[in-house]
Amino acid sequence: MSMTAPEINPLLNAAKAWFDAGFAVVPSHEDGGKRPYGRWKEFQSQRMGWDELESLLATDRFTGIGVLTGRASGDVEMLEIEGPPDLAVKRLAKVIAQANDFAAIGMRELLMRVTMGCVEQSAGGGLHLFIRVSDGAALANTKLATVEGKVVAETRGEGGFVVVAPTPGRNGHPEGASYIFVNGGSPAKVVDITVEERDLLHMLFSIS
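Residues numbered from 1 in each chain as written. Predicted model: local features only at pLDDT ≥ 70, side-chain atom pairs only at ≥ 80, totals over all residues. Heavy atoms only, no water.

Caption draft 1: Inspection of the layout of surface pockets at higher detail. For the largest pocket, the calculated volume is near 260 Å³. Residue lining of the largest pocket: 16 residues in total, with K34, E80, H128, R156 and Y179 positioned closest to the centre. Mapped onto the lining of the largest pocket, the elements with two or more residues apiece are strand 3 (76-81) and strand 8 (161-164). Take the lining of the largest pocket: its biggest share by element is three residues, from strand 8. (1 Å grid on protein atoms, 1.4 Å probe; cavity = no way out; pocket = protein on both sides within 12 Å on 5 of 7 lines; lining within 4 Å. Points joined across faces, edges and corners; volume = space filled by probe spheres on them. Helix = DSSP H or I, 4+ residues; strand = E, 2+ residues; numbered from the N terminus.)

Caption draft 2: Up close: helix 4 (residues 107-115). Residues of helix 4 that are buried include every one of M107, L110, L111, V114 and T115, and no others. Projected down its long axis, helix 4 carries its buried residues within an arc of 125 degrees, all on one side. Residues of helix 4 that are exposed and point more than 90 degrees away from the buried face comprise E109 and M112. Tucked into the core, helix 4 has its buried residues touching helix 3 (85-101), strand 4 (118-121), strand 5 (127-133), strand 10 (191-193) and helix 5 (195-205). (Buried < 20%, exposed > 50% of the residue type's maximum accessible area, 1.4 Å probe, protein only. Arc of directions from axis to C-beta. Contact = heavy atoms within 4.5 Å.)

Caption draft 3: Here's a closer look at the sheet that holds strand 8. Overall, antiparallel pairing links the three strands, which are arranged 1-2-8 in an open sheet. Looking at which strands have only one partner, the edges of the open sheet turn out to be strand 1 (24-27) and strand 8. In this sheet, adjacent strand axes meet at a mean angle of 35 degrees when their direction is disregarded. The sheet contact formed by strand 1 and strand 2 (residues 65-68) spans four bridges and is antiparallel. Residue pairing for strand 2: V25 is matched across the bridge by V67. Strands strand 1, strand 2 and strand 8 of the sheet are contacted by helix 1 (residues 10-20), whose axis makes an angle of about 15 degrees with strand 2. (Pairing = 2+ DSSP bridges. Axes fitted to C-alpha atoms, helices over the stretch in contact; angles between N-to-C directions.)

Caption draft 4: Geometry of the pairing of strand 7 (residues 150-156). Along strand 7, five of the seven residues are buried, which leaves the element largely enclosed by surrounding structure. By the bridge criterion, four bridges tie strand 3 to strand 7 in an arrangement that is antiparallel. Opposite E80, over in strand 7, you have E154 as the bridge partner. By the bridge criterion, four bridges tie strand 6 (residues 143-147) to strand 7 in an arrangement that is antiparallel. Of the residues in strand 7, the one forming a bridge with V147 is K150. Between the antiparallel neighbours strand 6 and strand 7 lie two residues, among them E148 with a positive phi of about 50 degrees.

Now the structure itself:
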C-alpha cells in the first residue's frame with residue numbers, strides 16, 4: 001500500500017521559523033496589500049499563539065506573512081533602506097563608508113554583525129535589517145533620512161508591521177517579485193544589540 005507524502009506549505013514553514021525565533025507573526029491581508037490581517041493590534045502586547053496562526057495559514061486564504069515589530073517580538077526594530085535595488089545598493093555603500101570612518105568606535109564591526117544577521121530584500125528592492133534590543137525598549141517607527149523630500153531610510157519599531165520573506169510581491173510590486181533573505185539571513189540570526197548600539201545604527205543610517 002502506497003502512502004501519500006504530506007503536503008508542504010512553504011509559507012507555513014517560514015512562519016514557524018519566524019515564530020520560533022521570537023517574532024510576533026501575523027498573516028498579511030488577503031487583499032494583497034502590505035497591511036496586517038484582522039485584529040492585529042491586540043497582538044502588539046501578546047503575540048498570536050502558534051495554534052491560531054497555523055490554523056489561519058492552513059486555510060490558504062493568505063499569500064503572505066509579516067511580523068509586528070517592537071515589544072511583541074521581543075523589542076525588535078527593522079532598519080530599512082528604501083528601494084529600488086540600485087538606489088538601495090548606493091545608499092548601503094554610503095552607510096558602509098560612514099561606518100569605516102568610525103571604525104575606531106566599533107561602528108564597522110557593528111554594521112557587519114547586523115548585515116550578516118537577519119536581512120531580507122523587499123519585493124520593491126529595499127533592504128530590511130532586523131535587530132533586537134537586549135537592554136531596553138524598541139523605539140517607535142522613525143524616519144531616519146530623506147533626500148529631496150523622499151524618505152530613503154527609516155525604521156519599524158513599536159507599533160510597526162513588516163512583510164517578510166518568503167512572501168510574494170504585494171499590490172504595486174513588480175510581477176514575480178518576492179521578499180527574499182540575503183547574505184544567508186534567517187529569523188534565527190537576528191542580532192541582539194544594546195540601546196547604545198541601536199542609537200549608533202540610527203545615527204549611521206541617518207546620513208543624507
